[in-house]
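These are the residues of each chain, in order.
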Amino acid sequence: MNSYYPLALLLARQEQAALSQHLAHSALPTAPTLPDGKLQLRRRWLALRGRAATCLLRIAWAIEPLGH
């Protein structure tokens, strides 16, 4: 155990407390929600964006000169 362990433990507990408090607010009746249609569309958009980014990176790697 090093000298940073108690500090790391304290920070982890604070982060967990903040996260659980945030999650507790998401269960309130007035919490914002996305309709199922918009959620499905958002998932499709994020998937398409990820595939496009991967494709563009592969193209960039293919045309990148080998001798930097």
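Residues numbered from 1 in each chain as written. Predicted model: local features only at pLDDT ≥ 70, side-chain atom pairs only at ≥ 80, totals over all residues. Heavy atoms only, no water.

1. Focus: the overall build of the protein chain
- Looking only at helices and strands, the protein chain has two helices and zero strands in total.
- Looking at the protein chain as a whole, 1% of its 68 residues qualify as buried.
- By element, 66% of the accessible surface of the protein chain is carried by carbon and sulfur atoms, the whole surface being about 6,800 Å². (Helix = DSSP H or I, 4+ residues; strand = E, 2+ residues; numbered from the N terminus. Buried < 20%, exposed > 50% of the residue type's maximum accessible area, 1.4 Å probe, protein only. Areas by Shrake-Rupley, 256 points an atom, 1.4 Å probe, with all protein chains shown as cover.)

2. Quick look at a nonpolar patch on the surface
- A cluster of nonpolar side chains, Trp 45, Leu 46 and Leu 48, forms an exposed patch at the surface whose accessible area comes to about 300 Å².
- Checked against the element boundaries, Trp 45 lands in helix 2 (residues 36-63). (Patch = residues over 30% accessible without salt bridge, like charges linked within 9 Å, V, L, I, M, F, W, Y side chains within 5 Å. Salt bridge = Lys/Arg side-chain N within 4 Å of Asp/Glu carboxyl O.)

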